Amino acid sequence: MHPDLRRLFQLVWPVFWPWLVWNLVRAARWHERTGRDVLFAVDPFGNLRLAYVADAPPPDTLYTYEAPRVAAWDHPALGSDVPDCVRASDAPVRHDPDKSGMVMHSHDIVRHDHGLHVRGPP
């Protein structure tokens, strides 16, 4: 007999030792199934009374951060929100003020005026 279980059997009348063994096996199987720790009390009849039950262990499937396999400096697309198809094209981006509502006065001054260029329904 394990020395830690000896004091449990000293608290229980010998007639009820099989009942205590059955309850201890049930408690051990429950602990293996759930992974929760328990503090229990034993009465003279071999019954286990749960005094405190620990919280459930956290699941193993929690999100964990995985670093990207390619460094951002090795592949420039990882460092920008602009899609590759837009950045990769060498064609200049054309500006249509009727669609965007932006009025260009010169190359370095942009004025937003949404009321001037409002397109009607198609």
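Structure: see above.
Reading the values: rules and limits
- Residues numbered from 1 in each chain as written.
- Predicted model: local features only at pLDDT ≥ 70, side-chain atom pairs only at ≥ 80, totals over all residues.
- Heavy atoms only, no water.
- Helix = DSSP H or I, 4+ residues; strand = E, 2+ residues; numbered from the N terminus.
- Buried < 20%, exposed > 50% of the residue type's maximum accessible area, 1.4 Å probe, protein only.
- Contact = heavy atoms within 4.5 Å.
- Areas by Shrake-Rupley, 256 points an atom, 1.4 Å probe, with all protein chains shown as cover.
- Expected span 1.5 Å × (residues − 1).
- Arc of directions from axis to C-beta.
- Phe/Tyr/Trp six-rings, centres within 6.5 Å; stacked < 30°, edge-to-face > 60°.
- Core = buried A, V, L, I, M, F, W, Y, C linked by side-chain atoms within 4.5 Å.
- Pairing = 2+ DSSP bridges.

A. Expanded view of the overall build of the protein. Along the protein, the regular secondary structure elements total 4 helices and 4 strands. Listing each helix as α and each strand as β along the protein from the N terminus yields α-α-β-β-α-α-β-β. Taking all 122 residues of the protein together, the buried fraction comes to 10%. Taking as baseline every contact in the protein between residues at least 6 positions apart, the subset at least 24 positions apart corresponds to 24%. A total of about 11,000 Å² of accessible surface is found on the protein, and carbon and sulfur atoms cover 59% of it.

B. Broad picture of helix α2 (residues 17-34). Taking 1.5 Å per residue as the helical rise, α2 with its 18 residues ought to reach 26 Å, and the 26 Å between its terminal C-alpha atoms agrees with that figure. Taken together, the buried positions of α2 are occupied by L20, N23 and L24. One face of α2 carries all of its buried residues, which in axial projection span an arc of 100 degrees. With respect to the buried face of α2, the exposed residues turned more than 90 degrees away are P18, R29, E32 and R33. Looking at the buried positions of α2, the neighbouring elements they touch are α1 (3-11), β1 (38-42) and β2 (48-53). Two residues or fewer past α2, G35 is found with a positive phi of approximately 75 degrees.

C. Region of interest: the packing of aromatic side chains. This structure, assessed with the given rule, holds 5 aromatic pairs. Ring geometry for W13 and F16: centres 6.2 Å apart, planes at 35 degrees, overall tilted. Classification of W13 as partly exposed rests on a relative accessible area of 47%. Seen from their ring centres, W19 and W22 are 5.2 Å apart, and the 35 degrees between their planes marks the pair as tilted.

D. Local environment of the nonpolar core. Residues L8, F9, V12, L20, L24 and V42 constitute the largest nonpolar core, which totals 6 residues. Contributions of two or more residues to this core are made by α1 and α2. If near-sequence neighbours (up to four positions away) are discounted, L24 is found in contact with L5, L8, F9, F40 and L48.

E. Spatial organisation of the pairing of β2. Of all 6 residues that make up β2, 0 are buried, and the element is exposed over most of its length. Strand direction decides the pairing type here: β1 and β2, joined by 5 bridges, are antiparallel. Each residue of the ladder has a partner; that of V42, found in β2, is L48.

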